[in-house]
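Residues per chain are reported as follows:
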Amino acid sequence: MLNPLQSRVLLKPMIRASALSLLLLCSFMASATERLLRGTVRDAENNAALPGVNLIIKGTQRGVISDVNGKYELRISDQDGQLVVSFVGYLTQTIEIGSKTEIDINLKVDQKALDEVVVVGYGTQSKRFVTGAVAKVEMKQTENLPNTNVTQALRGRVAGVQFTDNGRPGQGGSILVRGPRSLSGGNNPLIVLDGIFFNGNLADINPTDIESMEVLKDASAAAIYGSRAANGIILITSKKGTTEKPTIRFNMFSGVSDFSYKVKLLTPERYLQKILDYRQAAGLTHDPAQIESYLQPSELVNYEKGQTIDPWDLVSQNAKINSYDLNISGRTNNTNYYVSASLTNEKGLIFNDNQKRLSFRTNIENNLTKWLTIGMNATYVRRDLSGREADSPYSVSPYGTPFYEDGEPTQWLVPEDQISGNPVRSALLTTNEEISNNLFANFYVLFSIPKVDGLTYRINYSPNYRWQHNYNFFRQDKYFAGNTTSASKFNREDSDWVLENILAYNHRFNENHALDATLLYGRNHLGFESTTANASQLSSDALGWNNLGLGGILTNTSSAAASDGVSSMFRLNYRFKDKYLLTLTARRDGSSVFAANNKYATFPSGAFSWILSEEKFMESIPFIDMIKLRASYGAVGNQAISPYQSLSLSATTRYVFGDGGASSLGVYPSSMANADLKWETTYTSNVAVDFELFKGRLGGTFELYNMNTKNLLMERSLPTMTGYNSVWTNLGATNNKGLEISLNSTNFRKGKFEWNTNLVFSTNKNKIVHLYQSDTNGDGLEDDDLGNKWFIGQPVNVAYDYVFDGIYQEGDQIPSGFKPGYVKLKDLNGDGKITAADDRTIIGQMGQPKVRWGITNTFNYYNFSLSVFVNAMQGWIATLNELDIEYFLSGSGNYPNRPVNRLDAGWWTPQNKSNTRPSLGYPNPFLHNYYLSRNFIRIQDVSLTYNVPKSILNKIKLANARVFASGKNLATFTDWLGTDPESGGTARGFPVPRSWTLGLNVGF
């Protein structure tokens, strides 16, 4: 017999062996009973398939994402008891699996989740409860486009926002929200990235990292940013993790570009004809048989050889674009993360106009406890713009000589007449390194105050460090006897920081009353320093810019500036019965850029909204889903002047006493102090109606606004007898008013086919209300400022000139000193003569169009999607200026007879009697300009997308995949003769590319 102890000793190995056998058996049985679960996820209300839904086996990391048709397939076992289904904007469901092999799922909309889709600054709000003018940019409309700049998503897609892209790699373009307010101060909107002021270049932001973008347009929406909000706010929010299962996404696109439009320059044949026609107009011999004698000797050599130059081919390169982006994201109960890396390589149309951008982003948020959350949003960007781009080929003679026989560039295309330089010489002889770096971060801590539901306290600290350099070395031109070497180094560092304390309280008291309040107190600092050093006539060119001490002539400059600000803000949102909405905001800002007497200013605003569709009497109108009326009024400020402008400043100069004496440094007062300089302030009223009709088939917004900007920041000229040239002061007022319309519609939906349209339309009427309030001529009207072309009651930017009235023809009554082929100007006052005082008038509006509109049509059929976007701006003019159209054609010289090219816009001859272009001999005695319409309609973006079916994805082990082809700037309909009507590019400007790209987006 075994005692109990011996029994236990002997039984333990047996038990272990039995347990192991049991586990192996269970494992075998589990694998033996593994099966495939499949189904479709749909919207419970409209039965539409939902792609991208997360389906996870509860308690595991195993899961899938539904495909473009809402279908999913997941391998499970009998031990898998529950399926957790989640999707942004919908209620999460936990479903018992049991023995099922097919489960179709209907997800219900999570109204609470939908209440948090619009970023409004220092928080989010339901779009339904927004009281201000907030426009959300639909990023999905641009995700299949080759946009390398995040602001390209604004181009024609947001009512009231004008974004102009100059088409160059790495350039940020310009943004104007609801017209220009300021005359001398800045008109750029404030950029807020992840809740923090962003002072870097917009080209630093990787578009693939952006989750949402909103534009705050009226005072109620923008007043929370007070002193920097007068020109509108653009809120950019980067991505976070959205799925419990870690998601890896890879995006890439690659493409080529060519000229969307080439400015028409003279062909060799037209160049020769220009010479003959000019000589005829000048009364010189113009025999075509003697054309060789009219050419310069170097031109004649090329003419006899049959060698010609295409100016645009001379300065262009093979343009292309490649972009690669990899990101990893996910979320757990306590941690949310998003990590990305991106590389973009662009080569522009013009030689050496390139950009390489490398960017990294890390967004991490962790819930340490139920009441404490910490997080970080950080990005680093390195942009390389190295390379000295070629100059404009505008004046290139078709018979010029750009290169010597050994391939070295010439200095002058026609050396006998040194009017036209070689546009590629500097690009080929210069080594350039231009690199900028941007390290931007926001560290935050969020406290959810225990035992007080809805009360939170957040601390933001955001440092931003930017550093850049631009180094240049111009090597020896071996065809020059003298020393042509030079080198320069420019370095700049910017160091900014923002510290904010935000207290927020969000509480619903009962079914009728709800409020959220936000309090803020913060400080900010901006500072920079820069140094430039130059050296010329280097004794050795072996070290380039790395030893400027080798230069025979050395110069250097340096500068620095800093400014500080302090801010406090209070915002209250109150809802009564969820249909009567009130927002009150007040912000007080102080800035060191203003004078001691006016460093602080307060900017209040208020807004009221009424969700009319919630009223009982509206229930009888079945086609109305939602109607909301909005009204707001408030003030915002503009501090867009440099530091120290309110102070008396000094400048330096060097002078020499006597011939050959040593130079001395002199200091003199350069600007007058103004102790009363204060904030430029814009007062905005806004009324709007938001609506949704026919069960969501039609929705949109109609908006009217009126903005009065007062105390304009202006640099006013002073009489020289005062000892100063100018002084910064507050003068004048401007007004902007306009209409904005945004419409979204589902035009057709049947089976697998759907057609949707998005339309935006806006107008802006801008005018100067008053300037100096002076009446020097005693006519009872305030004086205009002719020098700056500022006119009371007229837009800020206008063309003021003589009125073109055609061309004098043979047989016309021609004034003395004129002859056929000369420009005819209108005698506006009818006194029989043309004078500057009486016969100039406002020709038209410049700078911004009167009307902007854009329309996007999207067609979906099975796995295919086609998007076509048309952009248009109308009601504005510009001048290509006299140099571009007539090339130095003035009373002071006979430049048309010199060996230069020109815009081939035609000219008057006795054989071709143009009534729009003068003869080549026209001296332009009144020095008037030539104006053209900048109106255009452009097929801006076209994108065709194919979502790979689930059956194929399963075979290649991918969660999702999308292939797309796109085209940009495909066709422009315009009368503009320059490079581009949208950017206002003249004949000398950079051309805008037409691009074709192929892209791939895959998820794991």
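The following refers to the structure shown.

With respect to the element layout, Asn-674 can be found in the loop between strand S31 (663–671) and strand S32 (680–693). Assessed through its relative accessible area of 14%, Asn-674 is described here as buried. Within the structure, the side chain of Asn-674 is placed 2.9 Å from the backbone oxygen of Trp-728, a separation counted as a polar contact. Non-local contacts of Asn-674, meaning those with residues more than four positions away in its chain, are made with Ala-595, Ser-646, Val-727, Trp-728 and Thr-729.

We now examine the sheet that holds strand S4 (residues 71–76). Strand order in the open sheet formed by three strands is S4-S1-S7, and the pairing between neighbours is mixed. Each having just a single partner strand, S4 and strand S7 (105–107) make up the two edges of the open sheet. Averaged over all pairs of adjacent strands, the angle between their axes in this sheet comes to 30°, without regard to strand direction. Looking at chain direction, strand S1 (residues 35–43) and S4 are connected through six bridges and run antiparallel. Along S4, the bridge assignment pairs Leu-37 with Leu-74.

Keep in mind that most residues, glycine aside, have a negative phi and that most peptide bonds are trans. Of note in the backbone geometry, Lys-577 takes a positive phi value of approximately 60° without being a glycine. Judged by relative accessible area, which is 41%, Lys-577 ranks as partly exposed. The phi dihedral of Asn-969 is positive, around 55°, even though this residue is not glycine. Considering the arrangement of structural elements, one finds Asn-969 in strand S47 (residues 960–974). On the basis of relative accessibility, which here comes to 4%, the residue Asn-969 falls in the buried class.

Moving on, we come to the environment of Ala-153. Inspection of the secondary structure assignment puts Ala-153 in the loop between strand S10 (134–137) and strand S11 (161–164). In this structure Ala-153 comes out as buried when scored by relative accessible area, which is 3%. The spacing of Ala-153 and Ser-745 is 592 residues in sequence and 20 Å in space, taken between C-alpha atoms. With sequence-adjacent residues up to four places away left out, Ala-153 is seen in contact with Val-137, Met-139, Thr-142, Asn-147 and Met-213.

Residues Asn-54 and Ile-56 point to one face of strand S2 (residues 54–57) and Leu-55 and Ile-57 to the other, with burial holding for every one of them. The sheet contact formed by S2 and strand S3 (residues 63–65) spans three bridges and is antiparallel. Each residue of the ladder has a partner; that of Ile-56, found in S3, is Gly-63. The antiparallel pairing of S2 with S3 creates a hairpin that spans five residues between the two strands, and Gly-59 there sits at a positive phi of about 85°. Examined bridge by bridge, S2 and strand S5 (residues 82–86) share four bridges and lie antiparallel to one another.

Our next topic: the pattern of salt bridges. For the structure on display, the rule yields 35 salt bridges. The salt bridge involving Glu-703 is made with Arg-630; its shortest N-O contact spans 3.0 Å. Taken together, the residues Glu-703 in strand S33 (residues 698–710) and Arg-630 in strand S29 (residues 624–638) connect sequence positions 73 residues apart. The two residues Glu-703 and Arg-630 agree in class, both being buried. Each of Arg-466, Arg-492, Asp-494 and Asp-496 takes part in one network of salt bridges that share partners.

Rules behind the numbers
- Residues numbered from 1 in each chain as written.
- Predicted model: local features only at pLDDT ≥ 70, side-chain atom pairs only at ≥ 80, totals over all residues.
- Heavy atoms only, no water.
- Helix = DSSP H or I, 4+ residues; strand = E, 2+ residues; numbered from the N terminus.
- Buried < 20%, exposed > 50% of the residue type's maximum accessible area, 1.4 Å probe, protein only.
- Polar contact = N/O pair within 3.5 Å; in protein donor to acceptor, adjacent residues only side chain to side chain.
- Contact = heavy atoms within 4.5 Å.
- Pairing = 2+ DSSP bridges.
- Axes fitted to C-alpha atoms, helices over the stretch in contact; angles between N-to-C directions.
- Salt bridge = Lys/Arg side-chain N within 4 Å of Asp/Glu carboxyl O.

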